[in-house]
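Structural overview
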Amino acid sequence: MTYFKTTGFAVLFAMTTSVAAAQTLTIGVRGGPESMDPHYSALGTHAEVAKHVFDTLVWADENLQIKPGLATSWKPIASDVWEFKLRPGVKFHDGSDFTAEDVKFSIARPPIVTGPTSTAVYVRRVKSVEIVDPLTVHIHTDGPAPSLPYDFVRLFIVNAKAAKDFTTRETAAEGFNSGKATIGTGPFRYVHWEPKGEVVLERNPAYWGGPAAWEKVVRKEMPNDASRLAALKSGQVDLITDVSSADYVQLGRDRSVQTFVGDSIYVMNMLLDQRPDKMPGVRAKDGSPLPKNPFTDLRVRKAFDLAIDRKTMVEVVLEGLGKPAKEVMPAGFFGYSNAVPDPKYDPAAAKKLLAEAGFPDGFQIDLYCTADRLPGDGAICQGLGQMLSAIGIKTNVNAISKTVYFPAQARGDYTVSMNGWGTLTGEAAYTLSSLFHTKDAAKGLGAYNRLSYSNPALDDLIEKGSVELDEGKRRALFEEAMAMATADEVAIPIVQLQSVWAAKAGMLDFVPRTDQDTLSYSIKPKKH
C-alpha cells in the first residue's frame, strides 16, 4: 500500500527558482487541446495544457512516481475508504480558497462532461465523497481500490463556484473556452486559446509551489513537423516538441540546436475489432463482402502479428527512436509480464495461418490511424500497411487527424486501426480495466474497449487485481492478465516510442518526462 504525508511545498517539486523578469517562453507543439475544459478529454495533448492551469490531488513526476499535489497525504482508513488531506493556504487564480468542496465537485464532473476519449476512467472507482472538514475528504469506493491515488494523477481540480453553471455537455465548452470557468490553482493563469492556434498563459505569482520562471507562455499548435523546425531555427519559437526521426538525424550536425531525447510511455498498437457481423472497411480483394469478420479467428490475428517486422520499424521507419514492443505497457511498469515471449517476424508462417483460416489469397482492409498525435504515427502506419501487403492483405492506409480518428473509432467506424496507448498512471489497473475488460458502463470498465472484445476469464483477473490490497498478489494477478490479453491478439503492440524535443542551443534546462508532457513550469532558462 502506498501513501504519503509531507509538509511544506518545497518537498513537492523542489522546483522553485528565482524568477526571470518579463520572460516569455514560446513552444511549438504538434497538437493542442480540444477545449479548455480539463475534464473533456483524456488525450495527452489535452491534459498537458490542463496541467499548466489546473492541479491534481496527486502529482506524477517525470518518471511517473506519485508525489503530493493538492493533497498532502492520503491513506486507506477502511477497505473501501481513502482519506485525503488537502494542502492548506492554496488559492485559485481568482483569489478564492481551495477546499474540499472543489474536490467533491471535480470528482462528480468528468462522467457528465467528458468527450469521446473519456476522463470518467479516473473516477470509476468512486462511489461517493464525504467532506469531513474544509481540508479533509473521505473517498468511498465500490470496494477496495488500491490504485485510486494513481488514478487521481489525472483528476484535475476545478473551481466549484466558477464551474457550477458550466457542467453539462451543452454549457461546458462555453464556460471554459471563454475563460469564465478556467480558474485553477496551477502555476499559470489562462489568458487566451484559439482552437488549432495558440494557447496564451501568464504566470501565477501566488502559486503555492513557487512562481514559474516565465512571465508568459505561448504554445503554438503547429502540426507540420517541418514548419515547427523552421520556426525554431528562425527564432519564432524557443522549443519544439515531437521532432521527427529524420529531422533528429539532421540536427545531430547542427550546433545551433540542442535536442532532448526521452523514452515514452506510448506504445503503438494495431487494433482488431471483434464484432462478428460488422466489419466496416474489410472485404474480399475484389471488393465483395466477406461472410464474417475474419478477425474473430485467432489465426488471422496471429498472422497479422507475425507480419510485423518490429526491428525494421524501429531502425528504418523511426531512425532508431523507439523499441520493439511486446505488450501494450512499457517494461518495468507494475503488472508488465516478463513471461510474454518476444514477438516473431515470420511472413511465411503468417501466410500459412491465413490459408488455414480460409484466406489463402488474403483479403482487403482499410487501415486507419492517427497522423498528428504522436511522433512517427503516420510513418508507422504506412510501414504497417506495406508489411501486411507482403502477406497478401491488400491494405488501404488512411493516416488522418486525431480530431477525426478518435470520434470515428468511438462510433465503431473502423475494423482495423492503429494508435498509441499510454499507461498514464504507471500501473496495469488503468490499462487492463480500460482497454481489455468487457465494456461495462455500470462498473466504469472497458471505457476504451472499442473492439467488442470480451474474455470472462480476463475480466475476472482484472477485477480481482483491482481490489487486491496485497501488492505482491496484485502484481501477480495483473501480470497473468497482461499475458492473457497479449495472447488474445486483439491489440497487437508494435513499438514503444521515444520522443525528441529541440531548443536553441544553450537556452533551456529541460528534462524529458516519460509521459511526454511539455510542462512550462519545469522548464528553466539555462544559467550561464
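Residue positions are given per chain, counting from 1 as you read along its sequence in written order. A pLDDT threshold of at least 70 governs which residues receive local features in this predicted model, and a stricter bar of 80 or more applies before side-chain atom pairs are shown or counted, although totals over entire chains, interfaces and linings include all residues. Just so you know, side-chain values use all the structure's heavy atoms and leave hydrogens and water out.

Criterion for a disulfide: a pair of cysteine sulfur atoms at a distance within 2.5 Å. With the rule as written, the count across this model stands at 1 disulfide. Across a sulfur-sulfur distance of 2.2 Å, cysteine 369 and cysteine 381 are joined as a disulfide pair. Between cysteine 369 and cysteine 381 the sulfur-sulfur dihedral comes to about -110°; the bridge is accordingly left-handed. Of this pair, cysteine 369 sits in strand β15 (residues 364-370) while cysteine 381 sits in helix α13 (residues 377-389); the two residues are 12 residues apart in sequence, bridging distant segments of the chain. Only protein chains enter the calculation, and the probe is 1.4 Å; a residue is then buried if its accessible area is under 20% of its type maximum, exposed if over 50%, and partly exposed in between. Judged by its relative accessible area of 0%, cysteine 381 falls in the buried class. Only DSSP runs of H or I with at least four residues qualify as helices, and only runs of E with at least two residues qualify as strands; both kinds are numbered from the N terminus onward.

Attention now moves to the packing of aromatic side chains. Between the rings of Phe, Tyr and Trp (Trp by its six-membered ring), a pair exists once the centres lie within 6.5 Å; its type follows the angle of the planes, with under 30 degrees stacked, over 60 edge-to-face, and the other angles tilted. All told, the structure shown has 21 aromatic pairs when counted by the stated rule. Relative to phenylalanine 510, the ring of phenylalanine 260 has its centre 5.2 Å away and its plane inclined at 80°; by these criteria the two rings are edge-to-face. Note that phenylalanine 260 is positioned in strand β12 (residues 257-272) and phenylalanine 510 in the loop between β19 (508-509) and β20 (524-525), a separation of 250 residues in sequence. Its relative accessible area of 9% is what places phenylalanine 260 among the buried residues. In this structure an aromatic cluster arises from ring pairing among Trp74, Trp82, Phe84 and Phe152. For a ring to carry a charge above it, either NZ of a lysine or CZ of an arginine must fall within 6 Å of the ring centroid while also lying within 35 degrees of the normal to the ring plane. Lying across the ring of tryptophan 59, lysine 51 places its NZ or CZ 5.9 Å from the centre. Just above the ring of tyrosine 521 sits the side chain of lysine 524; from NZ or CZ to the centre is 5.0 Å.

Now for the sheet that holds strand β4 (residues 71-78). By this definition, two strands are paired if DSSP reports at least two bridges between them. Across the sheet, which stays open at both edges, the 4 strands sit in the order β4-β5-β7-β6 with antiparallel pairing between neighbours. This sheet does not close on itself; its edge strands, each paired only once, are β4 and β6 (126-133). Each adjacent strand pair in this sheet contributes to an overall mean axis angle of 20°, direction not counted. Here helix α3 (residues 100-108) sits on the sheet in contact with β5 (81-86), β6 and β7 (136-141), set at roughly 170° to β6. Only the contacting stretch of a helix is used when fitting its axis, a line to C-alpha atoms as for every element, and angles between N-to-C directions run 0 to 180 degrees. Here, two residues are considered to be in contact whenever any of their heavy atoms come within 4.5 Å of each other.

A separate point is the nonpolar core. Here, the term nonpolar core denotes a set of buried Ala, Val, Leu, Ile, Met, Phe, Trp, Tyr and Cys residues that are joined through side-chain atoms within 4.5 Å. Of all hydrophobic cores here, the largest spans 138 residues; its most connected members are Leu57, Phe84, Phe152, Phe304, Phe363 and Phe436. Ignoring anything within four residues of it in the chain, the contact list for phenylalanine 436 reads Val328, Thr431, Asn449, Tyr453, Leu458, Asp459, Ile462, Ala485, Val490 and Ala491. Met222, Ala231, Leu232 and Leu321 belong to the second-largest nonpolar core, a separate cluster that totals 12 residues.

On to the pairing of β12. The buried count for β12 comes to 12 of 16 residues, which makes it a mostly enclosed element. Pairing of β12 with strand β18 (residues 491-504), which is carried by 12 bridges, proceeds in the antiparallel orientation. By the bridge assignment, threonine 259 is partnered in β18 with alanine 502. Here β12 runs beside strand β17 (residues 416-422); their pairing, made up of 7 bridges, is antiparallel. Its bridge partner lying in β17, methionine 268 is registered against glycine 420.

Right, let's get into the pattern of salt bridges. Think of a salt bridge as a Lys or Arg side-chain nitrogen and an Asp or Glu carboxyl oxygen that are within 4 Å of each other. The tally for this structure, following the rule as stated, stands at 29 salt bridges. Put simply, glutamate 215 and arginine 203 hold a salt bridge, and the shortest N to O gap is 4.0 Å. A residue pair is termed long-range when its members are at least 10 positions apart, and glutamate 215 in the loop between β9 (198-203) and β10 (216-221) and arginine 203 in strand β9 qualify at 12 residues. By relative accessible area, arginine 203 is classed as buried at 15%. Overlapping salt bridges bring together Arg30, Asp225, Arg228 and Asp377 as one network.

Okay, helix α12 (residues 347-356) next. Here α12 has its buried residues at Ala350, Leu353 and Leu354. When α12 is viewed along its axis, its buried side chains cluster within an angular range of 100° and face the same direction. Projecting away from the buried face of α12 at angles above 90 degrees are the exposed residues Ala348 and Lys352. In this structure, the buried side of α12 is in contact with α10 (298-306). Here the arc refers to the set of directions running from the helix axis out to each C-beta atom.

To continue, consider the packing of helix α15 (residues 428-436) against helix α17 (residues 471-487). Following both chains from N to C, one finds α15 and α17 inclined at 40°, their axes separated by 11 Å at the closest point. Two packed elements cross with a definite hand, and for α15 against α17 that hand is left-handed. Across the interface between the two elements, Ala428, Ala429, Leu432 and Phe436 from α15 touch Phe478, Ala481, Met482 and Ala485 from α17. Of the residues belonging to the contact of α15 with α17, the class tally is 8 nonpolar, no polar and no charged. Here a crossing is taken to be left-handed if its near helix is turned anticlockwise relative to the far helix by less than a right angle, and right-handed if that turn runs clockwise. Under the scheme applied, nonpolar residues are Ala, Val, Leu, Ile, Met, Phe, Trp, Tyr, Cys and Pro; charged residues are Asp, Glu, Lys and Arg; polar residues are all the others, including Gly.

Moving on, we get to the pairing of β15. Of all 7 residues that make up β15, 6 are buried, and the element is covered over most of its length. Two strands pair when backbone bridges link them, and strand β13 (residues 282-283) and β15 are joined in this way by 2 bridges, in the antiparallel orientation. Considered in β15, the bridge of arginine 283 is made with glutamine 364. Taken together, β15, α13 and strand β16 (residues 394-400) constitute a β-α-β crossover, and its handedness is right-handed. Here 3 bridges tie β15 to β17, and the two strands are oriented parallel to one another. By convention, orient the strands away from the viewer: a clockwise path from the first strand over the helix to the second makes the crossover right-handed.

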